[in-house]
Each structure stands twice: as structure tokens, then as C-alpha cells.
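Residue-level structural notes
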Protein chains: 2
Amino acid sequence: MPTISKEDYIKAIYQLESDPDKSVSTTDVANKLEVSKAATSEMVQRLSEQGFLNYEKYRGMSLTDEGKKTALHVIRRHRIWELFLMDVLGLSWSEVHAEAEILEHSTSDFLIEKLDEYLGHPKVDPHGEPIPDKYGNLPELPDCVSLQLCEVGKNYRLVKVIDSSKELMNYFTEIGLSLNRMVMVVSRLSYDNSTIIQVGNDSFNISEKISSNLFFIEAVK
Amino acid sequence: MPTISKEDYIKAIYQLESDPDKSVSTTDVANKLEVSKAATSEMVQRLSEQGFLNYEKYRGMSLTDEGKKTALHVIRRHRIWELFLMDVLGLSWSEVHAEAEILEHSTSDFLIEKLDEYLGHPKVDPHGEPIPDKYGNLPELPDCVSLQLCEVGKNYRLVKVIDSSKELMNYFTEIGLSLNRMVMVVSRLSYDNSTIIQVGNDSFNISEKISSNLFFIEAVK
DNA sequence: CTTTAAACTTAGGTATTCCTAACTTAATAA
DNA sequence: TTATTAAGTTAGGAATACCTAAGTTTAAAG
Ligand SMILES: [Mn+2]
Ligand SMILES: [Mn+2]
Ligand SMILES: [Mn+2]
Ligand SMILES: [Mn+2]
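Owing to the predicted nature of the structure, the values given are computational and were not obtained by experimental measurement. (Residues numbered from 1 in each chain as written. Chains lettered and ligands numbered in written order. Predicted model: local features only at pLDDT ≥ 70, side-chain atom pairs only at ≥ 80, totals over all residues. Heavy atoms only, no water.)

1. Here we look at the overall build of chain A
- Broken down by element type, chain A carries 8 helices and 8 strands.
- Since a compact globule built from 221 residues should have a radius of gyration of about 17 Å, the 19 Å found for chain A is in line with a globular shape.
- If one aligns the C-alpha atoms of chain A with their principal axes, the spans along those axes are about 55 × 45 × 30 Å.
- Expressed as a percentage of the 221 residues in chain A, the buried residues total 43%.
- Restricting the contact set of chain A to residue pairs at least 6 apart, pairs at least 24 apart contribute 61%.
- By element, 50% of the accessible surface of chain A is carried by carbon and sulfur atoms, the whole surface being about 11700 Å². (Helix = DSSP H or I, 4+ residues; strand = E, 2+ residues; numbered from the N terminus. Rg over C-alpha atoms; globule rule 2.2 N^0.38 Å. Buried < 20%, exposed > 50% of the residue type's maximum accessible area, 1.4 Å probe, protein only. Contact = heavy atoms within 4.5 Å. Areas by Shrake-Rupley, 256 points an atom, 1.4 Å probe, with all protein chains shown as cover.)

2. Describing the nonpolar core
- Membership of the largest hydrophobic core comes to 32 residues, with the highest contact counts inside it found for Trp81 and Phe84 of chain A together with Trp81 and Phe84 of chain B.
- Elements with a contribution of two residues or more to this core: helix H4 (65–87), helix H5 (93–103) and helix H6 (109–118) of chain A together with helix H4 (65–87), helix H5 (93–103) and helix H6 (109–118) of chain B.
- For phenylalanine 84 of chain A, the contacting residues outside a window of four places in its chain are Leu89, Leu115, Tyr118 and Leu119 of chain A together with Phe84 of chain B. (Core = buried A, V, L, I, M, F, W, Y, C linked by side-chain atoms within 4.5 Å.)

3. Regarding the interface of chain B and chain A
- Counting residues at the interface gives 17 residues for chain B and 17 residues for chain A.
- Our count for the chain B to chain A interface comes out at 0 salt bridges.
- In this structure, the connection of chain B to chain A is made through 3 residue pairs in polar contact (both at pLDDT 80 or more).
- Sorting the residues of the side of chain B that touches chain A by element identifies H4, H5 and H6 of chain B as the ones contributing at least two each.
- In terms of residue count, the dominant contributor to the side of chain B that touches chain A is H6 of chain B (5 residues).
- Here the residues of the side of chain B that touches chain A are counted per class, giving 12 nonpolar, 2 polar and 3 charged. (Salt bridge = Lys/Arg side-chain N within 4 Å of Asp/Glu carboxyl O. Polar contact = N/O pair within 3.5 Å; in protein donor to acceptor, adjacent residues only side chain to side chain. Nonpolar A, V, L, I, M, F, W, Y, C, P; charged D, E, K, R; others polar.)

4. Looking at helix H7 (residues 166–174) of chain A
All names here are of chain A.
- Among the residues of H7, Leu168, Met169 and Phe172 are the ones counted as buried. Buried residues of H7, seen end-on, are gathered within an arc of 100 degrees and therefore sit on one face of the element. Facing away from the buried surface of H7 by more than 90 degrees, the exposed residues are Lys166, Glu167 and Glu174.
- Where H7 is buried, its residues contact H5, strand E4 (155–161), helix H8 (208–211) and strand E8 (214–218).
- Of the residues trailing H7, glycine 176 is marked for its positive phi of about 90 degrees. (Arc of directions from axis to C-beta.)

5. Here we look at the coordination of the manganese ion (ligand 2)
All names here are of chain A.
- The coordination sphere of the manganese ion (ligand 2), as far as protein atoms go, consists of Asp8 (OD), Glu101 (O), Glu101 (OE), Glu104 (OE) and His105 (NE2), spread over 2.0 to 2.4 Å.
- Written as a sequence motif, the donor arrangement for the manganese ion (ligand 2) is D-x92-E-x2-E-H.
- Classification of glutamate 101 by relative accessible area gives partly exposed; the value is 23%.
- Given a relative accessible area of 0%, glutamate 104 falls into the buried group. (Donors = N, O, S within 2.8 Å, 3.2 Å for Na, K, Ca; no water.)

6. Some remarks on the protein's contact with DNA strand C
- The environment of DNA strand C is formed by 23 residues, the closest being Thr3 and Arg46 of chain A together with Thr27, Tyr55 and Lys57 of chain B.
- Atoms of DNA strand C within 4 Å of the protein: sugar and phosphate make up 75%, bases the balance.
- The side chain of tyrosine 9 of chain A places a nitrogen or oxygen atom 3.5 Å from a phosphate oxygen of DNA strand C.
- Among the secondary structure elements, those contributing two or more residues to the surface near DNA strand C are helix H1 (4–17) and helix H3 (37–49) of chain A together with helix H2 (26–33) and helix H3 (37–49) of chain B.
- Residue classes in the surface near DNA strand C are distributed as 9 nonpolar, 8 polar and 6 charged. (Near = heavy atom within 4 Å.)

7. Here's the deal with the domain arrangement of chain A
- Segmentation of chain A into domains returns domain 1 (4–63) and domain 2 (145–218).
- Inter-centroid distance (C-alpha atoms) of domain 1 of chain A to domain 2 of chain A is 33 Å. (Domains from an automatic or database assignment.)

Right, dumping it as C-alpha cells:
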């Protein structure tokens, strides 16, 4: 029912809403989608009329159950496509997102179930993000911690990567970081809170900012 | 550059143009796309302004080189997706077209080349229709004849099926007709110009109308 | 050669989606 | 508490893509 634009707005609001600290503002959405605040204000009012979110002018917005269901539906398609593009067609970490951003709006329920089946009903996408099932339920994943919280001397498995930029994803690929890759935490520099990790035979210094994009589970030998 | 709507109009006009007998009219396009003649008239004027076709009011239209290039670009994406959906995901003859009709507008050049590579640079789609290459060149295919012209007693290989309706495609699947399937022409009834063919161990009577959708190449034993 | 019917276009309208500029409301700082 | 600034909305406008109804042009009969 929703158009491509509406799906992108609803998905953006869902993602902004996941930060429980602050409510979602018109400006947040406008920045995320790179459209004017005026366009956002209009769209938000339309989505409110259509029952996808609750909205009080000049106050924040929050998705209704219907809105959340729609968002998870789009996210399911996005993540299944990303996994498919990477695992089957061999695209790289930095390439999948842009393609999925479009395909997520062009895929019937029928086709997405075929893809899901082909991939063996996967639980996570190539960044380690959970894939909602066809009813909109997010799978429970084991707890993981950001690199900042990983302890020196221990071994970890990379289970999630926040996709903040193409450049960053390319850098991770370059240094050999991929999902489920084992790494060892060599040391941490208190000077700038950066962490030195060993990936295979090489070691790399990861800045505090970049560390917050990498999530690990401790390896049980 | 063209929008989804424009791509569909341009593709429709290209396909109507392939009949060399008559020029393409507004009504033809309107019927094909199931939109009003008014909407078609407006769109055709816009496409003319934008250089995709030549148009004289109340006379016919014909695509420019730019228009043909655009049409072949869309057709390439459509046919590659159809092949992919059938060969890789296992959709049926009757299911692929509807999905491809949408995906054809949502696929970057980069992605379509990846798909093409994955499929081994195929020359034909699941209906036996040629797939234009990335420069818009249609591959040359061996001559084939419709079932009406196939001779009684001879063996043939099915090389092309005109996709006229889901119902018909399902019927073909049911009776075991698939691309490259071998059939034997058993007899022809002059009463209604229908043809009896043998597929595997079973024989079927194919009406004259349906015969015109099936194209064969004589089998050289 | 007219008349008439079919084909085609224009007029006028609706709905989306987006923009900039102007204005209003809320939050903040003096 | 008031002024100022930041946040958010409305006004007005453009482009796309549709529609129905009314008019125009062309083609076909008579
Ligand atoms: Mn993504
Ligand atoms: Mn998107
Ligand atoms: Mn098709
Ligand atoms: Mn299409």
C-alpha cells in the first residue's frame, strides 16, 4: 500500500526511534533522508492521517503498530537482499546497501519468501543485523559488545558491523575484517582509547570512533 | 534518467513497433498499458519533447535511437531477471513475468552485469526471447518456425514461447512443454488447423491460435 | 463531397512529492 | 521574564502521472 517514498520515511523513523533516549523530530528525519524539513513535515502529517504514526505538531512522532509492522516489512526485504547480493552474487560489503535500498521497494511477498528459502531462512544480514521473519518478529541474537568493551588478551568473533559509510566498509574489507572473523585484542591505548587488534597475522590500531561500529562475542575455545 | 512510467511506455512502444505492418497509435499504447488515451497522449508528447520518440499529432509515433536504446536497456533487465528467477530461484514460467516487470526498473547497471555474469552471459530468456547485450545489441538467433508450419512426422525442439497469458504458460508447463523440449508432430487436422504433437509419451491437440505462440527448430538427429 | 464515427487531443481536475521563502511556536540564554 | 534563536509549519509553486468530459481532427461510409 505505501509508496516508495512512504516506505523510506517509515523505515527512517523506525531506525531513529530505536534510540530510546530522545524522541524523533522532523529535523532528524529530514537530515536522515536528505530532504527539506518542509517536505518532512508534510509527509509526517500524511502518514499520521493514514495511521502509520502518532504525531502532535511541534512535538515528536512515534510509529503506530501498523507503522512498525510496515517498517519491519521493508527492513526484512532490505536485509534479505543484502545477504543475497553478498553471498550469492558476490558483491562487497560496501556495495550491497545502495542496491538493497532500491530493491526493498520492488519485491513482492511471494518473491521475498523464495529468496528467504533459497538462503535457508537466515537470521542475520551481512552486517550481522537481525532479519525480521515474515510476521515481523525479530530473532533474538546473543549479546555482543563493542570493541571498546572487549578485554585485552582475549579472543573474539566479529558478529555485527554498523554500516556508517562505504569508505569505512571498504576499510574493514581491506584489513580482512568480515563477519564471524576471529580477532585478538592486543592492547588498548589510554591516550586516545584506541584498540590494537590482531586479524590473522596483521595488527591494526582501531580508533575509539571506529571501535563503536564493531561488535564482538567472546570466543570460547 | 527516465522514470518507471516512462520506461514502461517506451518499452511498450518498442514492442508495438516490432510489428512492421502498422505504425504505433496512441490507442495501441493506451490499450497495452491499460491507461486512458488522454494519459497516453500527454506522455507521448512529453517523451517527444525529451527526445525519446518522434511524434506528429494525430499521426503515429516512432522511437528515436535514444528511445530504442532505452527500450533495449529495460528489456535486457527484464529478461535477465526472468532467467534468474526461473533458473536460480525456481519460479515457474507463469510467475516470472510479473516480478520482472517491477525489478526491471530497480536494477543498476552494476547489478545487472553481476547477474549477467552469474548466469554466464545468457543469450535468451526463459521464453526463448533474445537478451540484448549491455550495448543494446540483440544476439542473432537461428531461424525458427511456428507450430503451424512444422511438418507432420518430423521432430522439433521448442525454442520460443510467446508469453500471452499466465493461464497459457501454466498449461504449457502442465503438458510438459518447456524450453528446448523435443516434440514430434503427429498430425494436423485440416478441419480447424489444429496440430497434434507428442511430448514424451503423451499426445496433445494444440489449437491454431495456441500454435502461433510456439516456435520450433527442426531437430537434426 | 458530405456526414458520421472513430481516433486523438485538450481542458480542467486530483493526488504525490518535492522545493524555497515566509511565518509561527518552542526552547534557551540573558 | 523577555528577547533571541532554533525548530517546525504553512504558503505557494513546480513536476509527474493519472483521470473524465468535452472538443477537434481524420478516416470511412454513404
Ligand atoms: Mn543496509
Ligand atoms: Mn529505500
Ligand atoms: Mn516477460
Ligand atoms: Mn515494468
